Amino acid sequence: MAVGPATLPSMYSVDGIRIGVASAGIKKPGRKDVVVFEVCEDASVAGVFTTNAFCAAPVVISKDHLAQGNVRYFLINTGNANAGTGKQGLADAYECCDLLAAEVGLTRSAVLPFSTGVIGEPLPVAKIAAAIPQAVENLSAYQWEAAASGIMTTDTRPKGATKKIEIDGQTVTISGISKGAGMIMPNMATMLGFIGTDAAVEPQLLQEILTDAANKSFNRITIDGDTSTNDSCMLIATGRSGAIVSSSDTEALNLFVEAINEVMLEIALAIVKDGEGATKLVTVSVESAVTQEEALKTAYTVAHSPLVKTALFASDPNWGRILAAVGRAGIENFDLETLKIYLDDVCIVENGGRAASYTEDAGQAVMNQENILIRIVLNRGDVNETVWTTDLSHEYVTINADYRS
């Protein structure tokens, strides 16, 4: 199941980035499950990672190698997360870095490893080792679509977004891919994201742009409330277009940031639309909160409620479940008389109870939709926040009950 059409755009290549895809047969024989990104010299690379205390071995190593500032390659495998694997997991990830580094004539610190799949199982280093030469051999600027498929796990379709903008007379390309369908929760989720641009951006500014963009996209989506061990999102700026983005040129910076935000939100929402068992894309918007914390706490309480999510799956306008979730969100000094809740434009709650104008037919019409907006107006302040989630279906349980098979 998934929401909306399974459309992957024709991805623009990014000058300074080449991608190779290979089959290691980690989980399924013949499946393309190893992806290599090659980054040109002098490119800037930024990253954001999971906050899970049990972060996977590749996350530990990627953060360390990224800090050393000599990144030239990404090595990505699916089918195995290399998480919860202790010292052996670190040794295995380092060995994979060494293997790729030897293949291209560099040192291990030039390689960032990324893994996604089953937690707690040893990384099949021998299989990955056999696939690395094949991935390096077919490095090409035109493999974004193949890479989008190569990083999938329980995803039902590849995910990508691409666009071109003009900065100071230069054409700037931005392309990004993502994977993820379950164990999705902010503070990164069980997702991988790789975005590339040919603009020139110095590393510290690029990191600031990525962190802010992630907070508006990948850190605002949730499928099931589970923060993964492996989440990573990387942004590469090769500088090959000749366009320079700097904090001193506000106009160029704003254009670039807007474009990055658009691409990252598109590939983040693609994850929600492809949520495990998802049949609906649900936007939870909280308006007029006192603080960002209050707004997000309210939004996530609704988005994570099993009762709300199962009602959404059933297309049941059981608005009392939404009301109850808002009520237990922990809002201090909450004046129920000022609260309003809407399903799209249908007011369901006002003046402390069901809206006088509400009808079951109107609520049912909204709940029958594939895309649903739950709008919560607190009327307490001027802070607005939005998160995106899915319904909770029988298929979600089936997928995760059979995940290791």
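First, a word on scope: everything that follows refers to the structure included in this document. The structure presented is a predicted model; accordingly, all values stated were derived computationally and were not measured. (Residues numbered from 1 in each chain as written. Predicted model: local features only at pLDDT ≥ 70, side-chain atom pairs only at ≥ 80, totals over all residues. Heavy atoms only, no water.)

## Some remarks on the overall build of the protein chain
Using the following cut-off: Under the scheme used here, helices are H or I runs from DSSP no shorter than 4 residues and strands are E runs no shorter than 2 residues, and both carry numbers assigned from the N terminus. Between the two quantities, the radius of gyration covers C-alpha atoms and the globule rule is 2.2 Å times the number of residues to the power 0.38. The buried label goes to any residue with under 20% of its type's maximum accessible area, the exposed label to any with over 50%, and the partly exposed label to all in between, with areas taken from a 1.4 Å probe on protein chains only. In what follows, residue pairs with any heavy atoms lying within 4.5 Å of each other are defined as contacts. Per-residue and other accessible areas follow the Shrake-Rupley method at a 1.4 Å probe size, with only the shown protein chains counted as cover for residues. Only four residue types enter the charge count: Lys and Arg as positive, Asp and Glu as negative, with His and the chain ends excluded. By convention, the charge on Lys lies at NZ, on Arg at CZ, on Asp at CG and on Glu at CD.
The helix and strand tally for the protein chain stands at 11 helices and 17 strands. Computed over C-alpha atoms, the radius of gyration of the protein chain comes to 22 Å, within 12% of the 22 Å expected from 2.2 N^0.38 for 405 residues, which places it in the range of a compact globule. With 405 residues in all, the protein chain has 56% of them scored as buried. When contacts within the protein chain are restricted to residue pairs at least 6 apart in sequence, long-range pairs at least 24 apart make up 81% of them. As displayed, the protein chain has an accessible area near 16000 Å², and 49% of this comes from carbon and sulfur atoms. The positive charge centre, built from 29 side chains, and the negative charge centre, built from 48, are 5 Å apart in the protein chain.

## Details of the sheet that holds strand β6 (residues 159–167)
Picture the strands of a sheet paired through backbone hydrogen bonds; they go either parallel or antiparallel. As a reminder, the rule being used: DSSP calls a pair of strands paired once it identifies at least 2 bridges connecting them. For helices, the fitted line uses only the C-alpha atoms of the stretch in contact; every axis is such a line through C-alpha atoms, and the angle between N-to-C directions lies from 0 to 180 degrees.
Strand order in the open sheet made by the 5 strands is β3-β10-β8-β7-β6, with mixed pairing throughout. Taken across any chain shown, the strands that pair with only one partner, and hence form the sheet edges, are β3 (44–49) and β6. Averaged over all pairs of adjacent strands, the angle between strand axes in this sheet comes to 10°, irrespective of strand direction. As paired strands, strand β7 (residues 170–179) and strand β8 (residues 192–197) are joined by 6 bridges and run antiparallel to one another. Residue pairing in the sheet places Ile177 in a bridge with Phe194 of β8. On the sheet, helix α1 (residues 57–68) packs against β3 and β10 (232–237) and is oriented at approximately 145° with respect to β3. Its contacts with the sheet put helix α5 (residues 203–216) on β3 and β10, and the angle it makes with β3 is roughly 35°.

## Remarks on the packing of helix α8 (residues 306–313) against helix α9 (residues 319–327)
Inclusion rule: Orientation is classified from the angle alone, with under 35 degrees giving roughly parallel, over 145 giving roughly antiparallel, 65 to 115 giving roughly perpendicular, and any other angle giving oblique. In this scheme, a crossing is called left-handed if the near helix is turned counterclockwise away from the far one by less than a right angle; it is called right-handed if the turn is clockwise.
At a minimum axis separation of 9 Å, α8 and α9 run at an interaxial angle of 155°. By the angle between their axes, α8 is roughly antiparallel relative to α9. Taken as a pair, α8 and α9 cross one another with a handedness that is left-handed. Residues Leu307, Val308, Thr310 and Ala311 of α8 form the contact with α9, whose own contacting residues are Arg321, Ile322 and Ala325.

## Concerning the state of the cysteines
For clarity, the cut-off: Count a disulfide wherever a pair of cysteine sulfur atoms falls within 2.5 Å.
By the definition in use, this model includes 0 disulfides. A disulfide-free cysteine, Cys55 has its sulfur positioned 15 Å from the sulfur of Cys97, the nearest such atom.

## Structural notes on the side chain of Ser175
Our working definition: Pairs of N or O atoms within 3.5 Å make up the polar contacts considered here, provided that, within protein, one atom can donate a hydrogen while the other can accept it, and that residues adjacent in sequence are counted only when both atoms are side-chain atoms.
For Ser175, the position within the fold is in strand β7. Side-chain polar atoms of Ser175 contact the backbone oxygen of Tyr12, separated by 2.7 Å. Residues in contact with Ser175, not counting those within four places in the same chain, are Met11, Tyr12, Val14, Trp144, Ala161, Thr162, Phe194, Ile195 and Gly196.

## As for the sheet that holds strand β13 (residues 340–343)
Taken together, the 6 strands give an open sheet; going across it, the order is β15-β14-β13-β16-β12-β17, and neighbouring strands pair in mixed fashion. Both edges of this open sheet fall to β15 (353–354) and β17 (383–390), since each of them pairs with a single strand only. Each of β12 (281–289) and β17 is contacted by helix α6 (residues 250–273), which is oriented at about 45° to β17, the strand it contacts most.

## Topic: the packing of α1 against helix α2 (residues 86–104)
Between α1 and α2, the shortest axis-to-axis distance is 8 Å and the interhelical angle comes to 55°. Judged on the interaxial angle alone, α2 and α1 are oblique. Every pair of crossing elements has a handedness; the one defined by α1 and α2 is right-handed. Along the contact surface, α1 presents Ala57, Val60, Ile61, Asp64 and His65, while α2 presents Gly89, Leu90, Ala93, Tyr94 and Cys97.

## Some remarks on unusual backbone geometry
For Ser288, which is not glycine, the phi torsion reads 60° and is therefore positive. Of note, Ser288 is situated in strand β12. Look at Asn379: it is not a glycine, yet its phi comes out positive at around 55°. Along the chain, Asn379 falls in the loop between β16 (371–377) and β17.

## Side note on the nonpolar core
One recurring pattern in soluble globular proteins: nonpolar side chains tend to sit buried together. As a reminder of what qualifies: Working definition of a nonpolar core: buried Ala, Val, Leu, Ile, Met, Phe, Trp, Tyr and Cys residues. They are joined through side-chain atoms within 4.5 Å.
If you look at the biggest cluster of nonpolar residues, it comprises 40 residues, and the most contacted ones within it are Val201, Phe218, Phe256, Ile260 and Met264. Secondary structure elements with two or more residues in this core: β3, β6, β7, α5, β10 and α6. Examining the composition of this core, we find that 12 residues originate from one element, α6, more than from any other. Setting aside its immediate chain neighbours within four residues, Phe256 contacts Ile165, Ile167, Ile174, Thr197, Ala199, Val201, Ile209 and Val245. By size, the runner-up hydrophobic cluster in this structure holds 37 residues, among which are Val286, Tyr300, Ile374 and Val377.

## A word on the pairing of β6
As paired elements, β6 and β7 share 9 bridges and run antiparallel to each other. For Ile165, the partnering residue across the bridge sits in β7 and is Val172. Linking two consecutive strands that pair antiparallel, namely β6 and β7, is a turn of 2 residues; a positive phi of about 50° is found at Asp168 within it.

## Re the pattern of salt bridges
Pairs may arise between side chains of opposite charge once their charged atoms sit close together. Definition in use: Each reported salt bridge corresponds to a side-chain nitrogen of Lys or Arg within 4 Å of a carboxyl oxygen of Asp or Glu.
Counted according to the given criterion, the structure contains 11 salt bridges. Among the ionic pairs, Lys163 bridges to Glu262, the shortest N-O distance being 2.2 Å. A residue pair is termed long-range when its members are at least 10 positions apart, and Lys163 in strand β6 and Glu262 in helix α6 qualify at 99 residues. We classify Glu262 as partly exposed; its relative accessible area is 36%. Between Arg380 and Glu294 there is a salt bridge whose closest N-O contact spans 2.8 Å. One end of the pair, Arg380, is in the loop between β16 and β17; the other, Glu294, is in helix α7 (residues 292–304), and 86 residues separate them in sequence. For Glu294, a relative accessible area of 9% translates into the label buried.

## Focus on α1
Selection criterion: The span one expects for a helix is its residue count, reduced by one, times 1.5 Å.
The terminal C-alpha atoms of α1 lie 17 Å apart, and with 12 residues this matches the ideal 16 Å at 1.5 Å per residue to within 8%. Turning to α1, its buried residues are Ala57, Pro58, Val59, Ile61, Ser62, His65 and Leu66. Where the residues of α1 are buried, they touch β3, α2, β5 (111–118) and β10. One or two residues past the end of α1 sits Gly69, with phi positive at roughly 70°.

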